[in-house]
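# Results of the structural survey
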Amino acid sequence: MRVSRLMLVTLRDVPAEAEITSHQLLVRGGYIRRVSAGIYAYMPLMWRVLNKITKIVQQEMDTAGGLQTLLPQLQPADLWERSGRWKAYTEGEGIMFHLKDRQGRELGLGPTHEEIITKLVGETISSYRQLPINLYQIQTKFRDEIRPRFGLMRSREFIMKDAYSFHANEADLKATYNKMKVAYQQIFSKCGLIAVAVDADSGAIGGAASQEFMVTADSGEDLILTSADGKYSANQEKAVSKAAEPLLLKGDEPSVINTPGQKSVEELCSKQLLNPSQIVKVLAMLALIEDGKEQPLLISIRGDQELNEVKLINALTNQIGKLVIGINSITQDQLHSQGLRNWPLGSLGPDLEDSYLNGASSWNNEFLRLSDHTAAELNCFVCGANEIDKHRNHMNWSLLGGVPRKFDLRKAKDGDFSLHNPNQKLQETRGIEVGHIFQLGRKYSKALESSFTNEAGKPEPFWMGCYGIGISRMAQAAVEQHHDEAGICWPIAIAPFQVIVVIANIKDASQKVLGEKLYQALQTNSIEVLLDDRPERAGVKFKDADLIGIPWRVVVGRDAESGKVELIKRSNKEVQLLSSEEAIEALIRKISASIK
Ligand code: ATP
Ligand code: MG
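All residue numbers refer to position in the chain's written sequence, counted from 1. Here the convention is simple: chains get letters from A, ligands get numbers from 1, in the order in which they are written. Only residues with pLDDT of at least 70 are given local features in this predicted model, and only at 80 or more are side-chain atom pairs given and counted; all residues enter the totals for whole chains, interfaces and linings. No hydrogens and no water enter the side-chain calculation; it runs on all heavy atoms of the structure.

## Digging into the overall build of the chain
Check the secondary structure of the chain and you find 15 helices and 31 strands. Overall, the C-alpha framework of the chain stretches about 95 × 65 × 55 Å when taken along its three principal axes. In this scheme, a residue with accessible area under 20% of its type's maximum is buried, one over 50% is exposed, and one in between is partly exposed, where area comes from a 1.4 Å probe on protein chains only. The proportion of buried residues among the 596 residues of the chain is 52%. Residue exposure ignores everything except the shown protein chains as possible cover, and the areas themselves are Shrake-Rupley values with a 1.4 Å probe. As displayed, the chain has an accessible area near 26700 Å², and 49% of this comes from carbon and sulfur atoms. In summary, the charge assignment counts Lys and Arg as positive and Asp and Glu as negative, without counting His or the chain termini. Taken as the charge centre is NZ of Lys, CZ of Arg, CG of Asp or CD of Glu, depending on the residue. Measuring between centres, the 71 positive side-chain charges of the chain sit 4 Å from its 74 negative side-chain charges. The secondary structure listing takes helices from DSSP runs of H or I that are at least 4 residues long and strands from runs of E that are at least 2 residues long, numbered from the N terminus.

## Quick look at the site of ligand 1
The environment of ligand 1 is formed by 14 residues, the closest being Arg-143, Glu-145, Arg-154, Ser-155 and Glu-433. What qualifies as a polar contact is a pair of N or O atoms within 3.5 Å, subject to a donor-acceptor requirement within protein and to the restriction that residues adjacent in sequence count only when both atoms come from side chains. Side-chain polar atom of Glu-145 to a nitrogen atom of ligand 1: 2.7 Å apart, as the coordinates give it. Here a nitrogen atom of ligand 1 sits 3.4 Å away from a polar atom, N or O, in the main chain of Met-153. Out of a free accessible area of 590 Å², ligand 1 has 87% covered by protein chains. For the shell around ligand 1, the elements supplying multiple residues, two or more each, are β8 (157-167) and β21 (426-441). Counting residues per element, the shell around ligand 1 draws most heavily on β21, at four residues. Gly counts as polar in this scheme, as do all residues outside two lists: the nonpolar Ala, Val, Leu, Ile, Met, Phe, Trp, Tyr, Cys and Pro, and the charged Asp, Glu, Lys and Arg. Among the residues making up the shell around ligand 1, the classes are represented as five nonpolar, four polar and five charged. Residues are classed as near a molecule or strand on a simple rule: at least one heavy atom within 4 Å of it.

## A look at the coordination of the magnesium ion (ligand 2)
At 2.2 to 2.3 Å from the magnesium ion (ligand 2) lie its protein donor atoms, namely Glu-433 (OE) and His-436 (ND1). On the accessibility criterion, Glu-433 (21% relative accessible area) is partly exposed. Donors, by definition, are the N, O and S atoms found within 2.8 Å of a metal, the threshold being 3.2 Å for Na, K and Ca, and water is not counted, so a site can look incomplete.

## Let's talk about the domain arrangement of the chain
The split of the chain into domains comes from an automatic or database domain assignment. Along its sequence, the chain is carved into domain 1 (3-240 + 428-480), domain 2 (255-407) and domain 3 (497-594). Distance from the C-alpha centre of domain 1 to the C-alpha centre of domain 3: 38 Å. Two residues qualify as a contact provided that any one of their heavy atoms is within 4.5 Å of a heavy atom in the partner residue. Domain 1 puts 14 residues into the contact, and the matching count from domain 3 is 13 residues. Here domain 1 meets domain 3 over a buried area of about 1200 Å², counting both sides, of which 60% is carbon and sulfur. The term salt bridge refers to a side-chain nitrogen of Lys or Arg lying within 4 Å of a carboxyl oxygen of Asp or Glu. Lys-52 serves as the salt-bridge partner of Glu-528, at 2.4 Å between the closest nitrogen and oxygen. Linking domain 1 with domain 3 are six residue pairs in polar contact (both at pLDDT 80 or more), by the criterion used here. Taken together, the elements giving at least two residues each to the side of domain 1 that touches domain 3 come down to α1 (21-28) and α2 (44-63). At three residues, the largest contribution of residues to the side of domain 1 that touches domain 3 is made by α2. Broken down by class, the residue content of the side of domain 1 that touches domain 3 amounts to seven nonpolar, three polar and four charged. What counts as buried area is the accessible surface, traced by a 1.4 Å probe, that two parts surrender upon association, with contributions from both included.

## What about the sheet that holds strand β14 (residues 280-289)?
Between any two strands, at least two bridges found by DSSP are needed for them to pair. A sheet is described by the order of its strands in space; here five strands give the open sequence β16-β14-β15-β17-β20, paired in mixed fashion. Only two strands of the sheet have a single neighbouring strand rather than two, namely β16 (324-329) and β20 (405-407). Direction aside, the axes of adjacent strands within the sheet are offset by 35° on average. The pairing of strand β15 (residues 294-302) with strand β17 (residues 368-372) spans four bridges and is parallel. Residue pairing in the sheet places Ser-300 in a bridge with Ser-371 of β17. Structural elements are reduced to axes, namely lines fitted to C-alpha atoms, with helices fitted over the stretch in contact, and the angle between N-to-C directions of any two is expressed from 0 to 180 degrees.

## Remarks on the pattern of salt bridges
Inspection of every chain in the model, using the stated rule, returns 33 salt bridges. For Glu-60, the salt bridge is made with Lys-190, and the minimal N-O distance between the two is 2.7 Å. One end of the pair, Glu-60, is in helix α2; the other, Lys-190, is in helix α6 (residues 170-190), and 130 residues separate them in sequence. By relative accessible area, Glu-60 is classed as buried at 8%. The partner of Asp-532 in a salt bridge is Arg-534, with the nearest N and O atoms 3.0 Å apart. Each of Arg-12, Asp-532, Arg-534 and Asp-544 takes part in one network of salt bridges that share partners.

## Here's the deal with the sheet that holds strand β4 (residues 74-76)
Pairing within the open sheet is antiparallel, and its three strands lie in the order β4-β6-β5. Each end of this open sheet is capped by a strand with a single partner; those strands are β4 and β5 (98-100). On average, each strand axis in the sheet is inclined to that of its neighbour by 35°, with strand direction left out of account. Pairing of β4 with strand β6 (residues 106-109) involves three bridges; the strand directions are antiparallel. By the bridge assignment for β6, Gln-75 is matched with Gly-108.

## What to know about the nonpolar core
Here, nonpolar core means buried Ala, Val, Leu, Ile, Met, Phe, Trp, Tyr and Cys residues that are tied together by side-chain atoms lying within 4.5 Å of each other. Counting residues in each nonpolar core, the largest one holds 63 residues, and the members touching the most others are Tyr-31 and Trp-490. Per-element accounting of this core gives the leading share, eight residues, to α2. Counting only domains with at least three residues in this core, you end up with domain 1 (3-240 + 428-480) and domain 3 (497-594). Apart from the residues lying within four places of it in its own chain, the contact partners of Tyr-31 are Leu-26, Ala-41, Tyr-42, Met-43, Leu-45, Met-46, Val-49, Ile-488, Trp-490, Pro-496 and Ile-548. By size, the runner-up hydrophobic cluster in this structure holds 27 residues, among which are Leu-71, Met-96, Ile-125 and Phe-166.

## Observations regarding unusual backbone geometry
The omega torsion across Leu-131 and Pro-132 is 0°, close enough to zero to call that bond cis. Mapping Pro-132 onto the fold places it in the loop between α5 (114-124) and β7 (133-142). Its identity as a non-glycine residue notwithstanding, Asn-386 has a phi of 60°, on the positive side. Locating Asn-386 in the fold gives a position in strand β18 (residues 381-387). Given the relative accessible area of 17%, Asn-386 is considered buried.

Pasting the structure below:
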């Protein structure tokens, strides 16, 4: 391909819309163009990268026994109602785009495909003899993300590979899950990415075990906690740890203390000379439940700990027996719109009376009270007195009428000790989630009555697994991991082209002839090559070549007359002066060796 025919438009300046380097470089290199919030056009260079990744994914999925398929993106609402996910995905913070057809039937645009595939397999597979099966597809997914950002990292339309496996028993599901884990590691390493597997929360997808694959990068949206011995690694949403020991609050008679304006743990600590671990902080929150109910919550947690909202949602779902689709902190404004009197926010105690909810227009009129283990284990602490500007000192749970139900609700954080070995400290790193594998179990097959006949001749719901990879997010994650100040440094396996031949001065006849000759010869040898034949200054062309990140560059310049060219490796800028024949031979050798 000739650069003059590539509709390449590169930008020198950093686009205002792009916050992180990979996003900036993809826009500047002419790889993507924003159409609207979270909606991007993949330009021809980008499409080549995406196709390369797709091919590697297909190969590994096929090797793992996958069958490629393509499922509809328009999905009928009734299937999602049967699985119990329609409301969670379309209301509150739900991310499914949905619409009505001209007959008034509701449809959703596929954010994921468990429902469709579970129905399909239930209708086509009848016996355990036909199992296991593993179906995969690569297609555009739609998610109405609340905060689309960082270009392809979190967009509203993106390319995903999703696979679904069906099994006669749990052991067989586990075997395929492990096989898929190996396939994922192969995919990331073949694409030139360093990705680590971490324990993960299963989220709204559901199921038992799940792991995410994280590309480590400072700009990553996820926080990963890893023990120094490497034996434990988890997304912070899921991570467990041992909290630091609290500082003892020396016993004395319970008393009420004046705490004017001291609403936060920090203010209270600095004015009352307390340590945060001596305080039980009480958070007033509201949970939105799938049946439309709104449940007020009082959550007690030790003052030095932070609430993990994912753990809270899981604990609530468990406790209530219904899916919780959103939580938020209760504000005075919300109290007013419910027609409630002011609450002593900033001085709440775990025993705030239910009468504060009397007359609420849509909220449930009793609190659901939960505590984190760290708060529940304190014997003597400070907490709010349910009166503005007042707290209680030397309190204990029996004075408060007992400990609320205990859960692990806190965020594990850097410096905590791990549970598997209390001598191992956890360390934080940031990561970009590029893949996620789940043991779904029988959640969907039960809900959608999708079953097979087992060995005993009885109908039984399928055991299922599901496995996603964000193809477009992964392409950008590769840029985040492989770039320098001049631009992208694509790993060769997913680079849009392997070589760029730059004719320094297109008006120089010998340069032009030698450049064309090299271009032809490399093509004949099945090397994917770009020829920069534009009538631009050499400096402009070199800058563009660096920016778009082609792994090898051949510069045909002043030495063309003597048949010599420069061969430059993009990643380390190593330069070799070679005859054109030597350059061709070196490229063939190096490229075939670097592509596994
Ligand atoms: P996240 O936590 O980042 O929102 P998720 O857990 O909802 O992602 P999954 O349902 O596990 O995502 O989807 C499988 C894969 O699809 C993810 O691992 C990720 O690589 C990719 N992906 C998910 N959402 C997006 C998005 N909005 N834009 C681009 N890729 C995405
Ligand atoms: Mg995920």
